[in-house]
Amino acid sequence: MASARVYLETYGCQMNELDSELVAGRLRELGYSFTSESGEADVVLYNTCSVRERAEQKVWSRLGEINKRKATEPGLVVGVLGCMAERDGEAMLGRAPVVDVLCGPGELDKLPELIDNALRTRASLTAGERGARRSAGQVALQGDASRRSSTLAAAGDSLEMLDLSRAISPIDAGQRSAYVRITRGCNKFCTYCVVPRTRGAEIHRPPEHIIDECKHLADAGVIEVTLLGQTVNHYRFEHGAAVSIDGVTQPQKGRTYKGSHHRDALTGERVTTFADLLRRIHEEVPAIQRLRFVTSYPRDFGDDVLEVIRDSPRICRYLHVPAQSGSNRVLKKMNRGYTVEEYYEFLDRARAILDQPEIGRPLMISGDVIVGFPTETEDDFEATKDMLRRSRSKNQFIFKYSPRPGTLAYEKIPDDVPEAVKRRRNNELLALQTEISDAIAREQVGREYDVLVEGLSRAEKKKRGVDVKPGTGMIGLTVGGASPGVAVIDDVDAATSVQLSARTDGDLIVHFDAPTGGARPADDLVGRIVRVRVDETNRMSLRGSLV
Ligand code: 5AD
Ligand code: SF4
């Protein structure tokens, strides 16, 4: 069965991209091959997102398309993975009988077995037998199991194998950038958000596993690692303890844990905090030239973390800290657990410690905002505009509120802001943020930065007819097996000028022309860190030259 060809399409966040990469790695190891043409595949997989309705609609329309194909190719196996599978559960099988395999994000370690079962039974399964799928082992959902303490450790352990599998499977040659998970799940329960439901309770990975994974990636040539977690700054691993549930460590029998010290006074057990983890990776894996992390939660972000970043030259001066709204009333309804004043206090503190433009290391902030949360008034919206002005972030991902079944807001607060109002507020915020981003871009002119060269610029790709990933903000779309790697240039002629795209450690994109001919043709620069000077800006995009 393992000689089948697989097509994998990924929606949603970086966590999903990483899941896709790990799943693809596992399947390759088992002998599956991958194709970037859905039409050529025996197994078509969608790794889905539920965060907004639009993300789900795209998958529904894909399932509609594939349904037509299945009519002529009954042997085709269709799988829905990720958050949508978990959120819709088996109801999805009723609505889209074309789906053979359902696998939630907390069950991906079981995917190879589910696909194998589906391939074995596909020919014999008639429409009337769809209900047999669960018993045929083609559905793996976690339900609410991960929030039950008895099963949490088991869930964490088996899933941990998927992350660990990377330590033995090769990554793409030429890959210079990689994601590494530090925490699964989320305990925040913001009232608009499906994630605590789809990805389950927060589980922190052991620091040793994380560091080994970083070392393995570095040995394979990776120079940039982005640590992933829904709230990375809540990372906290208690050595020798059972896993954490809802932020509270469940002690093993006969032990007590308290305090946030590195060694517990009562038990002598060690605790690894997020600051410790960053410090250890920075020290123990120096080949990682850039260490980033997303997403930060505006609360519980201590000076200890900021100081480690300041004192570690290879940790990026970039924080993605979503405020979501500038109105305290709305923040409260969202259950965010902080006021806008506390958010400003955090930004001021972060800037006081980390913003050092004079040494070429300004701190860059980015965030997320939701407009049209239920009951949001014009005054609330004005407060959000103030928040944008005050936070002066390099960019903001702006979303219109989308009611998600299963969330508290969906159940309790009617979606009462009309679509036209949401759209207008969305556009106003986009315009305001564009002004701010432009101003920040202009401040970069004349500065020099070390940049990681990622590949051809968008314009250059278009010129050459290379496929360009649709730029859809947070909801990126990666086709045919996601890998956050660096593009490889294969058809560059040394005589013509080539525009490359590179990134500063603060996540600013700089375009520059590779020198023609000579000692450093474009291919050579890709995947390397080089120094550029910013010469000009064209709106939000920076143009520079090699120094
Ligand atoms: N509607 C709109 N945006 C949402 N987000 C999360 N849930 C919703 C929702 N129901 C946004 C938040 C979050 C980002 C990943 O997506 O801004 O930070
Ligand atoms: Fe990622 Fe959230 Fe979408 Fe799940 S619902 S894929 S966690 S953005």
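Residues numbered from 1 in each chain as written. Chains lettered and ligands numbered in written order. Predicted model: local features only at pLDDT ≥ 70, side-chain atom pairs only at ≥ 80, totals over all residues. Heavy atoms only, no water.

**A short note on helix H8 (residues 207-219)**
An α-helix turns once every 3.6 residues. As a result, residues three or four positions apart point the same way.
Okay, step 1: In this model, H8 (13 residues) spans 18 Å end to end at C-alpha, consistent with the 18 Å of a helix rising 1.5 Å per residue.
Okay, step 2: Listing the buried residues of H8 in full gives Pro207, Ile210, Ile211, Glu213, Cys214, Leu217 and Ala218. Buried residues of H8 fall within an arc of 160 degrees about the axis and therefore sit on the same side. (Helix = DSSP H or I, 4+ residues; strand = E, 2+ residues; numbered from the N terminus. Expected span 1.5 Å × (residues − 1). Buried < 20%, exposed > 50% of the residue type's maximum accessible area, 1.4 Å probe, protein only. Arc of directions from axis to C-beta.)

**Comments concerning the sheet that holds strand S17 (residues 364-371)**
Okay, step 1: Read from one edge of the open sheet, three strands run S16-S17-S18, paired in parallel fashion. Edge positions in the sheet fall to strand S16 (318-320) and strand S18 (395-400), since each of these pairs with one other strand and no more. Averaged over all neighbouring strand pairs, the angle between strand axes comes to 10 degrees, with direction disregarded.
Okay, step 2: With six bridges joining them, S17 and S18 adopt parallel strand pairing. (Pairing = 2+ DSSP bridges. Axes fitted to C-alpha atoms, helices over the stretch in contact; angles between N-to-C directions.)

**Description of the confidence of the model for the protein**
Okay, step 1: Confidence in the prediction of the protein, expressed as mean pLDDT, is 86, and 82% of residues score 70 or more.
Okay, step 2: Contacts from residues 244-248, a stretch scored under 50 in pLDDT, to residues over four places away or in other chains number 12 contacts.
Okay, step 3: Low pLDDT (under 50) marks residues 469-488, which in the prediction has 61 contacts with non-local residues, meaning those over four places away or in another chain. (pLDDT = per-residue confidence, 0-100. Contact = heavy atoms within 4.5 Å.)

**Some points on the site of ligand 2**
Okay, step 1: Every residue close to ligand 2 is listed here: Cys13, Asn16, Thr48, Cys49, Ser50, Val51, Cys83, Val194, Val195, Arg199 and Gln230.
Okay, step 2: Partitioning the shell around ligand 2 into residue classes produces six nonpolar, four polar and one charged.
Okay, step 3: Of the residues that make up the shell around ligand 2, three or more belong to each of domain 1 (5-141) and domain 2 (145-316). (Near = heavy atom within 4 Å. Nonpolar A, V, L, I, M, F, W, Y, C, P; charged D, E, K, R; others polar. Domains from an automatic or database assignment.)

**Digging into the site of ligand 1**
Okay, step 1: Lining the immediate environment of ligand 1, one finds 12 residues, of which Arg52, Tyr192, Gln324, Asp368 and Ser402 sit closest.
Okay, step 2: Arg52 places a side-chain nitrogen or oxygen 2.9 Å from an oxygen atom of ligand 1.
Okay, step 3: In the environment of ligand 1, an oxygen atom lies 2.5 Å from a nitrogen or oxygen atom belonging to the side chain of Asp368.
Okay, step 4: The fraction of the free accessible surface of ligand 1 (400 Å²) that becomes covered by protein chains is 90%.
Okay, step 5: Of all the secondary-structure elements, those providing two or more residues to the shell around ligand 1 are S17 and S18.
Okay, step 6: Here the shell around ligand 1 is built from residues that sort into six nonpolar, two polar and four charged. (Polar contact = N/O pair within 3.5 Å; in protein donor to acceptor, adjacent residues only side chain to side chain. Areas by Shrake-Rupley, 256 points an atom, 1.4 Å probe, with all protein chains shown as cover.)

**Re the sheet that holds strand S10 (residues 224-228)**
What holds strands together in a sheet is hydrogen bonding between their backbones, with the strands either parallel or antiparallel.
Okay, step 1: On the basis of which strands lie adjacent, the open sheet formed by three strands has the order S7-S10-S15 and parallel pairing. Every interior strand has two partners, whereas the edge strands, strand S7 (177-181) and strand S15 (290-294), have only one. When the angles between neighbouring strand axes are averaged without regard to direction, this sheet yields 25 degrees.
Okay, step 2: Relative to S15, S10 runs parallel, the two being bridged by five bridges. Bridging across to S15, Glu224 finds its partner in Arg290.
Okay, step 3: Taken strand by strand, helix H9 (residues 274-284) contacts S10 and S15, and its axis lies near 155 degrees from that of S15.

**Side note on the nonpolar core**
Soluble, globular proteins show a tendency: their nonpolar side chains are buried together.
Okay, step 1: Counting residues in each nonpolar core, the largest one holds 117 residues, and the members touching the most others are Leu227, Phe274, Leu278, Phe293, Leu319 and Leu500.
Okay, step 2: In terms of residue count, the dominant contributor to this core is helix H12 (residues 340-354) (eight residues).
Okay, step 3: Sequence-distant contacts of Leu319, defined by excluding residues within four places in its chain, comprise Phe293, Ser296, Phe301, Ile309, Phe346, Ala350, Leu363, Met364, Ile365 and Ser366.
Okay, step 4: Counting 23 residues, the second largest nonpolar core, distinct from the first, contains Tyr46, Val78, Val99 and Leu102. (Core = buried A, V, L, I, M, F, W, Y, C linked by side-chain atoms within 4.5 Å.)

**Digging into the side chain of Thr10**
Okay, step 1: Relative to the assigned elements, Thr10 resides in strand S1 (residues 5-10).
Okay, step 2: One polar contact links Thr10 to Ser20, side chain to side chain, over a distance of 2.6 Å.

**Some thoughts on the packing of aromatic side chains**
Okay, step 1: Scanning the model with the defined rule gives six aromatic pairs in all.
Okay, step 2: For the pair Tyr192 and Phe373, a centre-to-centre distance of 6.4 Å together with 85 degrees between the ring planes defines the contact as edge-to-face. With a gap of 181 residues between them, Tyr192 in the loop between strand S8 (183-184) and helix H7 (195-199) and Phe373 in the loop between S17 and helix H13 (378-391) connect regions that are remote in the sequence. In this pair, the class of Tyr192 matches that of Phe373, namely buried.
Okay, step 3: For the pair Phe373 and Tyr401, a centre-to-centre distance of 5.3 Å together with 70 degrees between the ring planes defines the contact as edge-to-face. (Phe/Tyr/Trp six-rings, centres within 6.5 Å; stacked < 30°, edge-to-face > 60°.)

**A few points about the environment of Tyr401**
Okay, step 1: In this fold, Tyr401 is placed in the loop between S18 and helix H14 (408-412).
Okay, step 2: Residue classification places Tyr401 among the buried positions, given a relative accessible area of 4%.
Okay, step 3: C-alpha separation for the pair Tyr401 and Arg52, spaced 349 residues apart in sequence, amounts to 7.9 Å.
Okay, step 4: Residues in contact with Tyr401, not counting those within four places in the same chain, are Tyr192, Ile370, Val371, Gly372, Phe373, Pro374, Ala409, Tyr410, Asp415 and Lys422.

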